[in-house]
Structure formats: structure tokens, C-alpha cells
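So you can see what is in the structure, the chains are spelled out below.
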Amino acid sequence: MFERMQLLVCGGESCEQKQIGAIKDALLVELKKHDCENEIAITQSSCFGLCEKGAIVGVFPDEVYYQCKTKSEIVMIVEKHIKNNQIVEELRIKDPILHKRLKEHSNFHVFNKQNRIVLRNCGIINPLSIEEYIARDGYFALAKALKEYTSEEVIEIVKKSKLRGRGGGGFPTGLKWEYAKNSQSDIKYVVCNADEGDPGAFMDRAVLEGDPHSILEAMAICGYAIGAQQGYIYVRAEYPVAVERLERAIEDAKNLNLLGDNLFGTDFSFEIELRLGSGAFVCGEETALIASIEGFRGMPKLKPPFPAESGLWGKPTNVNNVETFANIPVIILKGADWFNTIGTEKSSGTKVFALGGKIKNTGLIEIPMGTTLRDVVFDIGGGIPNRKKIKAIQTGGPSGGCIIEKDLDTPIDFDTLTDLGSMMGSGGMIVMDEDNCMVDVARFYLEFTVEESCGKCTPCREGTKRMYDILNKISEGKGTLEDIDHLEVLASMVAETSLCGLGQTAPNPVLSTLKHFRDEYLAHVNDHYCPAGVCRELTNYIIDDTCVGCTKCATNCPVGAIIGWPKAIHKLDMSLCIRCGACKQACPVGSIKTVKGGEAHV
Amino acid sequence: MQIIDVLKKYPASQTSLLEILLEIDRLKDNHYISKEEVHMISEYLGVRTSHVYSVLTFYTLLSTEPRGKHIIQVCKDIPCYVNDAFDVRKTLEKMLNMSVGQTSRDGLFTLEETACIGCCDEAPAMLIDLEPYTNLTRDKIERILASYREVTL
Ligand SMILES: Cc1cc2nc3c(=O)[nH]c(=O)nc-3n(C[C@H](O)[C@H](O)[C@H](O)COP(=O)(O)O)c2cc1C
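Residues numbered from 1 in each chain as written. Chains lettered and ligands numbered in written order. Predicted model: local features only at pLDDT ≥ 70, side-chain atom pairs only at ≥ 80, totals over all residues.

Chemist: Hey, could you run me through the overall build of chain B in this one?
Modeler: On a plain count of helices and strands, chain B comes out with 7 helices and 4 strands. Taken from N to C terminus, the helices and strands of chain B fall in the order α-α-α-α-β-α-α-β-β-β-α. Taken along the three principal axes of its C-alpha coordinates, chain B extends 50 × 35 × 25 Å. A burial count over chain B gives 41% of its 153 residues as buried. Restricting to contacts in chain B with at least 6 residues of sequence separation, those with at least 24 account for 59%. (Helix = DSSP H or I, 4+ residues; strand = E, 2+ residues; numbered from the N terminus. Buried ≥ 20, exposed ≤ 12 C-beta atoms within 10 Å, placed from the backbone. Contact = placed C-beta atoms within 7 Å.)

Written out as C-alpha cells, the structure reads:
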């Protein structure tokens, strides 16, 4: 029997924690009460992308989304909507920005400027159901490629689409496929890079968890195009849900002969296996990834030879990122010309970004290339919370840099971000406000690189460590002007002489913060002062006369350094203060300020 | 399951090494690979013990020292850091009375740091036995730890 209605329950990680199981159980109990449990399907979908809203239930085909908190709300939804087809207006999700109850999901203000290609199925289908993927034209692109196109034609379409690699480098995908195709060998491999390690990026996780079949389909298309019969997905063990769903997807696809021998009755055969990454960032670099699959330490090799000539076990190998692959089926189905209508001249299509940091709406967004950063931060992201001012946007993770307020109107694409001294990277976008210290941010990224450097080449292993030491010195107030010079010399040396992308780009966070926020470095060095009040040793607090005497700071101070009576201006004893900042956070009126050393002593 | 049964699940070639190491690690209550196991693996795969060691020590998810029953990994990356109203690592260190890298006396928990775990929209976050816990607060951490303690009792 067919179900007349489907209830989608958000099973994204954040909702899963908000006790989705309980909600599903309650729904079932209610449905049984009305004797309609057989007419209604309850499906756990992947993340709806509205995590801050809490547990969400979608009713299809009506496309109504509810936010449920209590059992009585579930009772109401079942009784009114499921049973009597009346939409429960008061439980409908509110738009985070317009604060209006909107009729349709796609009318959400957050979604207005978005265009979902990569995330087309995420949150819409049950990722565990191959039937639902097929119902949304899944595996049609593979059929079309195998039946209607030669492998040359497939490559031609991908080339014409101007799709560029979403794993960070932005290399033209069609061209890469062509190299692999032109390498002569009986055995070739397709590898999907799902080692997503850039701090702040989780778009690949969303696709793997929400739409695993799209990756399998794309890899098979790639296999057909380049002449490979075996694919590997290298996925982080830290993504257990993704691993589970991929395993299931591969099994289901095999059962329907959408993977395996003689696909769609042709003589093309393709298999996919998983390989797990085990917590080494550098394994995201393609040659290191290949070494890791082969069972070695994941250390990068010198290129050339590129994997397209000599990759996995010395055979021609095409490595693409998850998001890159996710675009392929749509491009095959809708054509290169259609894809070129989206995005900019040199960067077609969309890009998924992970918005994080000091921004109201965090989460994944998919926007056409060419959207401005301002639109992303203020329109889609809803701006900076707590009426703070934006200081910078960090893109490209530990390989990228900072973009400042005055450049916010730049349309985003691969080339513009590079011109601004940052880079697209894998799509992490972290917004910083006035409370973030840029020296500290640079130090933070360097700490990451120092730890993740595999140690094979000296510039990266030693150079990043020395840079990190200098940054530490500066943030402790012991830095000198020569240190800043040394930092710059080291930065260009590490960038120029490192073996792989990790070291080559590691200095970027330092160089870009030095370029845009030199005065902050100078304040640390010359005035022994951290303007943002982050670097502990360089922060002194004062309570100014706007204090309303609420006593919150004094109650929150762990060392009793603040004294004062209710309704009277409080006083802070810096000789006792341990600079934890708890008082500043507790103050409801912003009376606690950070000042240069020396001024603060009461 | 015995180690030998794990080995037999995988083809005897070097490409299985990492998978085997991960599975043995997960299987064992004290989550580490012993010297004997290194020898068994090297024999089964036909690779040198030094090679097994080199791989084993390269990846942060693996260990050559016994660890706790549950492995807590605190995300130390920038979104968790920027949004961190309180310090998750320090909070855990205090609650467990140990520092990162150590195992609690009762052998229940090992505290580690991890690179980004892709939960940035719900920062701060941590993994316990690779299970993600997000939007952490002090209370929430206390409840989570308590739930692990209860199950084990
Ligand atoms: C240190 C380092 C880490 C990388 N991490 C990743 C990663 O996590 N995911 C990814 O797809 N590419 C990563 N890359 C890029 C890959 O080397 C490779 O360029 C990419 O997988 C190619 O796929 P694409 O052409 O589809 O972008 C990394 C590169 C470097 C240097």
C-alpha cells in the first residue's frame, strides 16, 4: 500500500540529539490512535539546515514544516493536519529574519539567495533509501552517460561546464578527467576525497550523510569517462554516520545492479570500496591520501608525477572532492550550458559554505558563485550578533586568510578570493568580530599547522614551529619589531620551499593578518596591549562609571577581585585579577573595558 | 572476537592495514594496539613490524599505549574556539581531574584533543567514542559524563 502522506523528521546531528527518537515514537503513538499508521510514512531525513530551530517535522506532499517541542504539539499536528488536513499555523516554523510564518520552505529568507544544486537532496530524501534517490532522477545521469554518450563526450560536457574542483585548488575537473583518460593503462582508479579536514568546513559531511548515492553515481560516471572500474572513497573515521550511510548505499546500489558488472546492460563495470582516514589532516592532500590507502603513513609526495599519470599503486588515478562529484550528475542531466548560467564567467555553478563564528545564522549555505560576501554575512547569515562590528571573515581555513570589511562587496569566486589574499579553500567561512584578536587567530592556525605537519620536509616541520613560537612571544607581550620582520621572512620561505600545499599555504593566515591588522601586532609589541582583550598577559580590565551596580561581575569573579555594593559602581583590583574575562562576559551593560597595561590599577 | 578473526576478515595485503588497526582498536576495551598484535598483523599482511609501527604511530586515532574505555575527543578548532563561551577542554580536565592525554584512574575515560569534527554549526563540540556531542554547556557535559558512568556501573 502506498502512504498518502510522509512525515520527515530531521535527523541531522543536532536534531538527533534533541531526541528525534522520542518525537518519532510520539508521532507513531498518535497515528495509531487515529488508526492511520499505515497511511503515513515516517522518515528520518538528513539535516534541514535550520539547526537553530530545534526539532523539525516536515509534512509532505504539503511541504509544511513544524517546529515541535512538546507532546501536545505533536498531538495537535496529527489531529489537525494529518487527520483533518488543516495546517496548524501556530506551529509552523518562523523565518529567522522576517519573523513571519511563511507558506513554503523555499520562501525562507535564508534560502532566497541560495541555489541548491549540491545540496539538492539533503533534507528532502531519506538518505537510506535508494528508491527515493531514484525518484529524484537518481542514477538517470549514469544511465544517460552510458547509453547516450561516449566517454569523450562525457568529458567534453564536464569541460564545457567549467566545473572547478571544490576541494580547495579549483582545478578544472574536465581537464583532470581528460588527463586521466589519456594516461594509458588497463587499470585506473577513481578516488573520492572525503577526508574533509579544514577546520570550520562540514559541507562534505552534509552531502555524504544526506545524499550518499549522488557520490556513488558521480564516481561511476567518472569511471566510465576515464576508463576505470574501481573506485575508493576515503572518508574520515571521525564521520561515523557518513561511513554507515555510504556502506548502506553501496550495498543497495549493488543489489539493484547500479554498481557492479555490466551496468545498464552495457559492458561497463564499476565497484566502490570505502577506506577510512584516521585523524591526519595532511591525508586530505591527494598524494598523501593515496599513500594512506596503500597502507603507508599518509605523507605527500612531490608532484609531478600527478595522480592522473601515476597514482594509486602507480596507476592513473583521478581524485576529486565530494562536492565536486555531487555536481556531476546534475551537469550530465541538465547540460553544460545550463550549468554555465549559474555563477560567474570563470567560476560556474554554486559553492557550499559553512558559515560559522560570530554570525547569527550558522550552518551550511549554497550560493551561486558571484554572490557578494556582504550578502552572505548580512542577508543570509543575518549579521553579527550582540550589535558587534564585523572585523574580518576568515576563508580557506589554515591555508587561507582574512577578508576585511571594505572588501565585503567583492563577488565570491575562486579568483577574487585569491586576489584578496585569501582563498576559497573547502568553504569554511568564519566571521570574526571586534572581540577576536587577530594575532591570536594567526597563532591559532599556526598551532594547527604545527600539529598537522607530517614532518617530511624541513621548511614545514621547522619553519611553522618557529613562526608559532614567535607568535606566542608576541601574544605574551615579549615580541619585538625584529620578530615581526623575522615572521615575514620565515613566512615567505616556508611558502616557497615546502613540499606540499600544507606548508605552502600555512603562512597565509600570518601574512594576511599582518597585512590587514598590522596595527594590532604593533599594539602587542610596542604597547604591550591586546586591543581585543584576548591575549591574557596583555589585558587589563577597568570598570567605568556606566556601571549600574548589579553585582553580576563580582559574583562571577572566581578570585574575588571585584568589590562593590549593589547599585554602586564596582571596583576591580588588578593585583588579584587572573584575567579570565568572566566579569566582562557577565556585565549586562558593557561597563567592563580592556585597557592598556598600567592604566588599570585602582 | 579474537584478533585473528579480525585479520581474516581482510585481504592479506598492505592496503588493509589501517582498517585492521582501526577495527582492533575499537574492539578492545582499552583501545590500543599491543606489541603482540603488531607482530600478528605484520605476519598476516607480510609487511615488516617497523612498517606497522610507522603507520600505527602516524594516525592520531590510534595508540600504542592502553587508553580508557571511552575516548573523549575535544574539538580544538577555530569555530569551537571562536564561539567558546567557556573552555570545554579545561572544563573536562577539571571534571575528570586529569589533563589532555591522560586516562582516568578508574580506566573509564581518556581525554584527547581532535582536529575539526565537522560540527561547527553546533560548536562547541566533542566526540565520545566517535559519537558527536554538540552545543556543549557545562551542565550538558556533566550529564553526558554521568550517563557514561551509569552505563558502566
Ligand atoms: C594539506 C592539504 C589538505 C587537503 N585536504 C583536502 C580535503 O580534506 N578534501 C579535499 O577534497 N581536498 C583536500 N585537499 C586538496 C586535494 O589535494 C586535491 O586537490 C583535491 O582532492 C582534488 O579534488 P578537486 O579537484 O575535486 O578539488 C587538500 C590539500 C592539501 C595540500
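Alright, that's what it looks like, and here's the rest.
Chemist: Teacher, can you tell me more about the overall build of chain A here?
Modeler: What chain A contains, in helices and strands, is 24 helices and 17 strands. A globule of 602 residues ought to have a C-alpha radius of gyration of about 25 Å, and chain A, at 27 Å, matches this closely. Based on the C-alpha atoms only, the size of chain A along its principal axes is roughly 85 × 65 × 40 Å. Looking at chain A residue by residue over its 602 residues, the buried ones come to 52%. A separation of at least 24 residues holds for 70% of the contacts in chain A among residues at least 6 apart in sequence. (Rg over C-alpha atoms; globule rule 2.2 N^0.38 Å.)

Chemist: Honestly, the nonpolar core in this entry has me stumped. Any pointers?
Modeler: One recurring pattern in soluble globular proteins is that nonpolar side chains are buried together. All names here are of chain A. Grouped together as the largest cluster of nonpolar side chains are 181 residues, with contacts concentrated most on I215, M219, I221 and V235. In terms of residues, this core owes the most to one element, helix α10 (residues 212-226), which gives 10 residues. Beyond its immediate chain neighbours, meaning those up to four positions away, M219 contacts V190, C192, G231, I272 and F325. One finds L8, L31, V78 and L91 within the second-largest nonpolar core, a separate group that totals 18 residues. (Core = buried A, V, L, I, M, F, W, Y, C linked by C-beta atoms within 7 Å.)

Chemist: What exactly am I supposed to notice about the environment of R236(A) here?
Modeler: All names here are of chain A. Locating R236 in the fold gives a position in strand β6 (residues 230-236). Here the alpha-carbon distance between R236 and R518, two residues 282 residues apart in the chain, equals 37 Å. The residues touching R236, leaving out its near neighbours within four places in the chain, are D195, E196 and G277.

Chemist: What is the right way to read the packing of helix α7 (residues 151-161) of chain A against helix α8 (residues 173-182) of chain A from this model?
Modeler: Helix-helix packing: each pair is described by the crossing angle between the helix axes and the interaxial distance. All names here are of chain A. Running from N to C, α7 and α8 point in directions that differ by 155 degrees, and their axes come no closer than 7 Å. What the angle tells us is that α7 and α8 run roughly antiparallel. For α7 against α8, the interelement crossing comes out left-handed. Judged by residue contacts, S151, I155, V158 and K159 of α7 engage T173, G174, L175, W177, E178 and K181 from α8. Of the residues that constitute the contact of α7 with α8, the class distribution is 4 nonpolar, 3 polar and 3 charged. (Axes fitted to C-alpha atoms, helices over the stretch in contact; angles between N-to-C directions. Parallel < 35°, antiparallel > 145°, perpendicular 65-115°, else oblique. Left-handed = near helix turned anticlockwise from the far one by under 90°. Nonpolar A, V, L, I, M, F, W, Y, C, P; charged D, E, K, R; others polar.)

Chemist: Where do I start with the pairing of strand β10 (residues 363-368) of chain A in this structure?
Modeler: Where a strand is regular, its side chains alternate between the two sheet faces. Residues and elements named next belong to chain A. For β10, the tally of buried residues reaches 6 of 6 residues, placing the bulk of the element in the interior. Pairing geometry for strand β9 (residues 350-357) and β10, over 6 bridges, is antiparallel. For T350, the partnering residue across the bridge sits in β10 and is P368. Linking β9 back to β10 in an antiparallel pair, the connection comprises 5 residues. (Pairing = 2+ DSSP bridges.)

Chemist: Please clarify how the confidence of the model for chain A should be interpreted in this entry.
Modeler: Low-pLDDT portions of the prediction should not be read for the details of their coordinates. Residues and elements named next belong to chain A. Averaged over all residues, the pLDDT of chain A equals 89, while 92% of them reach at least 70. Contacts of residues 95-110 to residues separated by more than four positions or lying in other chains number 23 contacts, the stretch itself having pLDDT below 50. Counting contacts from residues 598-602, a segment whose pLDDT is below 50, to residues more than four positions away or on other chains yields 11 contacts. (pLDDT = per-residue confidence, 0-100.)

Chemist: Help me understand the interface of chain A and chain B, please; the structure alone is not making it clear to me.
Modeler: For interface size, the figure often reported is the accessible area lost on association. Listed by partner, the interface residues are 38 residues for chain A and 34 residues for chain B. For the side of chain A that touches chain B, the secondary structure elements donating two or more residues are α1 (13-17), α12 (286-293), β9, β13 (428-433) and α17 (438-452) of chain A.

Chemist: Teacher, can you tell me more about the domain arrangement of chain A here?
Modeler: Residue and element names in this part refer to chain A. Domain boundaries in chain A define domain 1 (5-111), domain 2 (130-338), domain 3 (350-433), domain 4 (438-526) and domain 5 (539-595). Its C-alpha centre places domain 2 at a distance of 35 Å from the equivalent point of domain 4. Contacts between the two partners involve 7 residues from domain 2 and, on the opposite side, 8 residues from domain 4. Of the residues belonging to the side of domain 2 that touches domain 4, the class tally is 6 nonpolar, no polar and 1 charged. (Domains from an automatic or database assignment.)

Chemist: Whenever I open this one, the sheet that holds strand β12 (residues 401-404) of chain A confuses me. Can you help?
Modeler: All names here are of chain A. Taken in spatial order, the 5 strands of this open sheet run β10-β9-β13-β11-β12, and their pairing is mixed. Each end of this open sheet is capped by a strand with a single partner; those strands are β10 and β12. Each neighbouring strand pair of the sheet contributes to a mean axis angle of 30 degrees, computed without reference to strand direction. Helix α21 (residues 508-516) contacts β11 (390-395) and β12 of the sheet and is inclined by roughly 30 degrees relative to β12.

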